[in-house]
Amino acid sequence: MSTFRVSIIATDKIFYEGLVKILILPAMDGEAAVMAHHEDMVMAVVAGEMRFQTEDGNWTDVVVGTGFVQMINNRALVLVDTAERPEDIDIVRAREAKERAQEQLRQRQSLVEYYHTQASLARAMSRLKAASKHK
């Protein structure tokens, strides 16, 4: 199986740079898989679990926030607001973030605040889901 170069960049760090065989991303309508020589594209990434298989055959799971992926010339650039390994997630902190977001949704908010709160809730829920599967 062919490989292609992937760069996963979060707002605070470069999470991964290297060759992979397959990259599976959380998309608006489910999951999207990208393999070597995929057609050029840009696609939205939603908060959830992303995974990729390195050239040595090992799988890596990553919890990502919203962003996008760009595939050009057999290179994928993933830009997301957050990226972390499931085993690094603080479950207590994620639970607290989920509860805060749910409480904010119960209060009257502007439309912009509502969408920010929805994004916070989605991120907290995906972090909790991933962390519970890996601990």
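Here is a short report on the structure shown in this document. (Residues numbered from 1 in each chain as written. Predicted model: local features only at pLDDT ≥ 70, side-chain atom pairs only at ≥ 80, totals over all residues. Heavy atoms only, no water.)

So, on to the nonpolar core. Taken as a class, soluble globular proteins show a tendency for nonpolar side chains to be buried jointly. Among the nonpolar cores identified, the biggest contains 26 residues, and F4, I8, L23, L25, M50, V69 and V78 are the most heavily contacted of them. For this core, the elements supplying multiple residues, two or more each, are β1 (4-10), β2 (14-27), β3 (30-35), β4 (41-45), β5 (48-54), β6 (59-64), β7 (67-72) and β8 (75-80). Considering every element that reaches this core, the biggest residue donor is β2, with six residues. In this view, V69 contacts L25, M41, V42, M43, V45, A76, L77 and V78; residues no more than four positions away in its chain are not counted. One finds V63, I89, A94 and A131 within the second-largest nonpolar core, a separate group that totals six residues. (Core = buried A, V, L, I, M, F, W, Y, C linked by side-chain atoms within 4.5 Å. Buried < 20%, exposed > 50% of the residue type's maximum accessible area, 1.4 Å probe, protein only. Helix = DSSP H or I, 4+ residues; strand = E, 2+ residues; numbered from the N terminus. Contact = heavy atoms within 4.5 Å.)

Next up on the list: the packing of aromatic side chains. Going through the model one piece at a time under the given rule, you end up with one aromatic pair. Aromatic pair Y16 and F52: ring centres 4.6 Å apart, planes at 40 degrees, arrangement tilted. With a gap of 36 residues between them, Y16 in strand β2 and F52 in strand β5 connect regions that are remote in the sequence. Per residue, the accessibility class of Y16 equals that of F52, and both read buried. (Phe/Tyr/Trp six-rings, centres within 6.5 Å; stacked < 30°, edge-to-face > 60°.)

In the sheet, β5 pairs with β6 via six bridges, with the strands oriented antiparallel. When the bridges of β6 are listed, E49 appears paired with V63. The hairpin formed by β5 and β6 contains four residues between the paired strands, and G57 there has a positive phi angle of roughly 95 degrees. By the bridge criterion, two bridges tie β6 to strand β9 (residues 83-84) in an arrangement that is antiparallel. Residue pairing for β9: V63 is matched across the bridge by E84. (Pairing = 2+ DSSP bridges.)

Turning our attention to the pairing of β7. Alignment of β4 against β7, held across five bridges, turns out to be antiparallel. Residue pairing across strands places A44 opposite F68, the latter belonging to β7. Bridging between β7 and β8 involves six bridges; their strand directions are antiparallel. When the bridges of β8 are listed, G67 appears paired with V80. What sits between the antiparallel neighbours β7 and β8 is a turn of two residues, in which N73 has the positive phi angle 50 degrees.

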